[in-house]
Each structure stands twice: as C-alpha cells, then as structure tokens.
Amino acid sequence: MSIVKRHLAEQEERLVLVEEICIDKGALVLDLATDEVYFSADEEAYKSAYVTVFQAWAKGTIKGTAEQVFLATKSILED
C-alpha cells in the first residue's frame, strides 16, 4: 500500500472512530430511521466527546498525532 493510501485509510478510520465517540457521548445524534447524524445542543456532551476522543488517542485506539486527532474531532463536531 502506498504511503498516500495508508494516510488516507488512517484518516478515514480516525474520522469513523471520532464520529462513533461523538454519537456515544451525545454530541451528535444518530437518527436510526434515516441514518442521518445531527448536532446536539448539549455543550457538556461536546466537552465529554473531546475528552473521550483524546483518552482513546492516549490509549492508542485512535492513531495519529494530537493535531490530527484534534482536527478530526473539530471537523466532525463543527461541519
């Protein structure tokens, strides 16, 4: 696998894991009927999501640099 493909695969995996954590913490809401994801108005859930994402990164569950993890989380919660 080329380095570019590997980086893209890592980025995609990082985004998926971050999104799952954000849904689990209530920062995002998944509508099971439509598979749509909506933003929550719960600011504590946003804080909790950031903390949980970085705990997962510290444990090695999410790969990448701290900046990559922060940017992925920010893109999920602010897009």
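From a predicted model like this one, the values you see are computed outputs, not experimental measurements.

**Description of the confidence of the model for the chain**
Any region with low pLDDT has predicted coordinates that should not be read closely. On average, residues of the chain score 95 in pLDDT, and 99% of them are at 70 or above. Helix 2 (residues 43-59) holds the highest mean pLDDT among the elements of the chain, 97, whereas strand 2 (residues 36-39) holds the lowest, 94.

**Here we look at the packing of aromatic side chains**
Summed over all chains, the structure comprises 2 aromatic pairs. Centroid distance tyrosine 50 to phenylalanine 70: 6.1 Å. Interplanar angle 35 degrees. Geometry classified as tilted. One end of the pair, tyrosine 50, is in helix 2; the other, phenylalanine 70, is in helix 3 (residues 66-78), with 20 residues separating them in the sequence. Phenylalanine 70 gets classed as partly exposed once you look at its relative accessible area, which sits at 37%. Ring plane angle 80 degrees and centroid distance 5.9 Å describe the contact between phenylalanine 54 and tryptophan 57, whose orientation is recorded as edge-to-face. Of this pair, phenylalanine 54 and tryptophan 57 both sit in helix 2, 3 residues apart, which is roughly one turn of that helix. What makes phenylalanine 54 partly exposed here is its relative accessible area of 25%. A relative accessible area of 30% means that tryptophan 57 is categorised as partly exposed.

**Focus: helix 2**
With 17 residues, helix 2 should cover 24 Å at 1.5 Å per step; its first-to-last C-alpha distance of 25 Å lies within 8% of that length. Inspection of helix 2 places Ala45, Tyr46, Ala49, Thr52, Val53 and Ala56 among the buried residues, and these make up the whole buried set. When helix 2 is viewed along its axis, its buried side chains cluster within an angular range of 130 degrees and face the same direction. Every exposed residue of helix 2 that faces more than 90 degrees away from the buried side is listed here: Glu43, Glu44 and Ala58. Sitting at the amino-terminal end of helix 2 is aspartate 42, which places a side-chain oxygen 3.0 Å from the backbone nitrogen of glutamate 44.

**Describing the environment of lysine 25**
Turning to its location among the elements, lysine 25 is positioned in helix 1 (residues 3-25). Its relative accessible area of 32% is what places lysine 25 among the partly exposed residues. In this structure, the C-alpha to C-alpha distance between lysine 25 and alanine 56, residues 31 residues apart in sequence, is 13 Å. Sequence-distant contacts of lysine 25, that is, excluding residues within four places in its chain, are made with Ala45, Ser48, Ala49 and Thr52.

The rules behind each value
- Residues numbered from 1 in each chain as written.
- Predicted model: local features only at pLDDT ≥ 70, side-chain atom pairs only at ≥ 80, totals over all residues.
- Heavy atoms only, no water.
- pLDDT = per-residue confidence, 0-100.
- Helix = DSSP H or I, 4+ residues; strand = E, 2+ residues; numbered from the N terminus.
- Phe/Tyr/Trp six-rings, centres within 6.5 Å; stacked < 30°, edge-to-face > 60°.
- Buried < 20%, exposed > 50% of the residue type's maximum accessible area, 1.4 Å probe, protein only.
- Expected span 1.5 Å × (residues − 1).
- Arc of directions from axis to C-beta.
- Polar contact = N/O pair within 3.5 Å; in protein donor to acceptor, adjacent residues only side chain to side chain.
- Contact = heavy atoms within 4.5 Å.

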